[in-house]
Structure formats: C-alpha cells, structure tokens
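Breakdown of the fold
Each chain, letter by letter, is given below.
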Amino acid sequence: EPEVTQTPSHQVTQMGQEVILRCVPISNHLYFYWYRQILGQKVEFLVSFYNNEISEKSEIFDDQFSVERPDGSNFTLKIRSTKLEDSAMYFCASSLLAKGDTQYFGPGTRLTVL
Amino acid sequence: SQKIEQNSEALNIQEGKTATLTCNYTNYSPAYLQWYRQDPGRGPVFLLLIRENEKEKRKERLKVTFDTTLKQSLFHITASQPADSATYLCALYSNYQLIWGAGTKLIIKP
C-alpha cells in the first residue's frame, strides 16, 4: 500500500541554524500538507500546497518557514533560523483531493533545537 | 472563541466493551468532521469522515455520529480489544484547514 515517507526521522540542530525536512507524498496525490505537534500538545496545521503554490497557511507559518516541491516527488519544509520553540514532531500529509479528502500522514520528523 | 474539546483524561475500558469518545466544538460550522488514531511517536491515521448531512457512519467495529445541533461527534469502538489502545483525535474542516482536538487516550484492559 502506498505511504507517505519522511526523512530524517530525527533532526537535531542548533538554534539559529536552517533545517530542511523532507517528505515524499503518495505519488498520485495532488495536495500536500505540513503539520506540527509539540510534545503532548495538539496537532497544528502549518500549510497546504497545491499546483506548486501555497493554498492555505496558518499563523504559525511565518516568514521563517517555506515549502517547496523541487521535483516530481519531494515536498520540503524549510525553517530558516530555528528557535527553541520550533522543537516538535513535523508531519507531512497528502491527499488526492482537497476539502475533506482523506489525508495520509507520514511517520513524522522529530526536530530538536538546542 | 472557537474551541474543539475532547476528554483530556484517559479512558479505561475493559476488553470486549464499547468505548465511546466525545468531541465537542463551539463557534464552528464544519462541513465535516474526521476521526484519526495516533500511536505514540507516529503520525495520525485516518479512520472515518462524517459530513454535516450525515447522522451516522460505520466501518467495521467503528461508528461515528455527528449532531450539528449539539455540536458534538461521538466515536464508538465496539467489542474493544487491547490493540485499540491509542490516542484518538477528532478534526474538523474549517477555513480550508483541519482544526484538531487534543485527543483522548484510550486504554483497553484485557
């Protein structure tokens, strides 16, 4: 069964450094998402992406964040200058359709900012 | 203010019984609501979606109800098994994004 994959599984970085989290969505899906979950807290929507552009973003997704689909398979989340409070699990998801279609989540990347 | 509330306390259920989890929301008018399962350190796994014009949806041992008047969804697992132990999240679709509840931890005891 197709699945969303994410790399790395765990990323440790120093405050102020840039990180890139990578995702490979399910191949025929058209909509891509990033979420984060701070330990013990709710899943929070960051951004959705369709047709090579951001379709929606939350207040969390400020200028420090960017997303890109550099080729036909990868979907990346870049954090330019990490802060301690960026430490969280970051989940990528994809769906075939928008607006309520099932979203399939990857296993997540645990980001630890020291 | 807008809120989605799930019972924050863990729910302990004896194996074989029906587990019922609650999701309440205020100041949203979602077109639909979804339920996910999340195991520790893993991503959410989609279980069921129910639309505003549907009262009930079933899938194997799972049943979801949606009452837009009460602004509440109930999630039932019948004949519960220890393998059902996990955190269950509700999420509603509003303003083109999924808004998540904090989840309820379900523990099924043998």
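In what follows, the structure referred to is the one given above.
Fair warning: this is a prediction, and the values are worked out from it, not measured in the lab.

Quick word on the overall build of chain A
Across its full length, chain A carries 0 helices and 11 strands. Reading the secondary structure of chain A in the N-to-C direction produces β-β-β-β-β-β-β-β-β-β-β. Relative to the 2.2 N^0.38 estimate, which gives 13 Å for 114 residues, the radius of gyration of chain A is 13 Å and therefore close to what a compact globule would have. Looking at chain A as a whole, 45% of its 114 residues qualify as buried. Here the analysis covers contacts within chain A between residues at least 6 apart in sequence; of these, 54% occur between residues at least 24 apart. Per element, the accessible surface of chain A, about 5,800 Å² overall, is 47% carbon and sulfur. Looking at chain A, you have 10 positive and 14 negative side-chain charges, and the mean spots of the two groups are 2 Å apart.

Digging into the overall build of chain B
If you tally the helices and strands in chain B, you get 0 helices and 11 strands. Beginning at the N terminus, the succession of helices and strands in chain B can be written as β-β-β-β-β-β-β-β-β-β-β. The C-alpha radius of gyration computed for chain B amounts to 13 Å, which stays within 12% of the reference 13 Å derived for 110 residues, consistent with globular compactness. Counting only C-alpha atoms, chain B reaches 40 × 30 × 20 Å along its principal axes. For chain B, with 110 residues in total, the buried portion stands at 44%. Within chain B, counting contacts between residues at least 6 apart in sequence, those at least 24 apart form 53% of the total. Surface exposure of chain B reaches about 5,600 Å², of which carbon and sulfur atoms provide 46%. Both charge centroids of chain B, one from 14 positive and one from 10 negative side chains, sit 1 Å from each other.

Structural notes on the pairing of strand β5 (residues 45-51) of chain B
Two faces make up the sheet, and in a regular strand the side chains alternate between them. Residues and elements named next belong to chain B. Relative to β5, strand β4 (residues 32-38) is paired through 6 bridges, and the arrangement is antiparallel. Bridge assignment links Trp 35 to a residue of β5, and that residue is Leu 48. Hairpin remark: β4 followed by β5, antiparallel, with 6 residues in the connecting loop; positive phi at Gly 41, about 75 degrees.

Focus: the interface of chain B and chain A
Counting residues at the interface gives 20 residues for chain B, matched by 18 residues for chain A. For the pairing of chain B and chain A, the buried interface totals around 1,600 Å² over both sides, and the portion due to carbon and sulfur atoms is 56%. The interface formed by chain B and chain A contains 0 salt bridges. Our count for the chain B to chain A interface comes out at 1 residue pair in polar contact (both at pLDDT 80 or more). Where the side of chain B that touches chain A is concerned, the elements lending two or more residues are β4, β5, β9 (86-94) and β10 (97-100) of chain B. The biggest single contributor to the side of chain B that touches chain A is β4(B), with 4 residues. Tallied by class, the residues present in the side of chain B that touches chain A amount to 12 nonpolar, 7 polar and 1 charged.

Details of the state of the cysteines
Residue and element names in this part refer to chain B. Under the definition given, this model contains 2 disulfides over all chains. For Cys 23, the disulfide goes to Cys 90, at an S-S distance of 2.0 Å. Judged by the sign of its S-S torsion, about 65 degrees, the bond between Cys 23 and Cys 90 is right-handed. Within this pair, whereas Cys 23 is found in strand β3 (residues 19-26), its partner Cys 90 is found in strand β9, the two being separated by 67 residues in sequence. Classification of Cys 23 as buried rests on a relative accessible area of 0%. Judged by relative accessible area, Cys 90 falls into the buried class, the value being 1%.

Quick word on the side chain of Thr102(A)
Counting through the fold element by element, Thr102(A) comes out in the loop between β9 (88-95) and β10 (104-105). On the basis of relative accessible area, Thr102(A) is assigned to the buried category, the value being 14%. The residues touching Thr102(A), leaving out its near neighbours within four places in the chain, are Ser94(A), Ser95(A) and Phe46(B).

Examining the sheet that holds strand β6 (residues 56-59) of chain B
What links the strands of a sheet is backbone hydrogen bonding, and the strands pair in either a parallel or an antiparallel sense. All names here are of chain B. One open sheet holds the 5 strands; their spatial order is β1-β3-β8-β7-β6, and the pairing between them is antiparallel. With one partner strand each, in any of the chains shown, β1 (3-6) and β6 form the two edges of the open sheet. With strand direction ignored, the average angle separating the axes of adjacent strands in the sheet is 15 degrees. Two elements, β3 and strand β8 (residues 72-77), share 6 bridges in a ladder whose sense is antiparallel. Bridging across to β8, Leu 21 finds its partner in Phe 75.

Conventions used here
Residues numbered from 1 in each chain as written. Chains lettered and ligands numbered in written order. Predicted model: local features only at pLDDT ≥ 70, side-chain atom pairs only at ≥ 80, totals over all residues. Heavy atoms only, no water. Helix = DSSP H or I, 4+ residues; strand = E, 2+ residues; numbered from the N terminus. Rg over C-alpha atoms; globule rule 2.2 N^0.38 Å. Buried < 20%, exposed > 50% of the residue type's maximum accessible area, 1.4 Å probe, protein only. Contact = heavy atoms within 4.5 Å. Areas by Shrake-Rupley, 256 points an atom, 1.4 Å probe, with all protein chains shown as cover. Lys, Arg positive; Asp, Glu negative; His and termini not counted. Charge placed at Lys NZ, Arg CZ, Asp CG, Glu CD. Pairing = 2+ DSSP bridges. Buried area = accessible area lost by both parts, 1.4 Å probe. Salt bridge = Lys/Arg side-chain N within 4 Å of Asp/Glu carboxyl O. Polar contact = N/O pair within 3.5 Å; in protein donor to acceptor, adjacent residues only side chain to side chain. Nonpolar A, V, L, I, M, F, W, Y, C, P; charged D, E, K, R; others polar. Disulfide = S-S within 2.5 Å. Axes fitted to C-alpha atoms, helices over the stretch in contact; angles between N-to-C directions.

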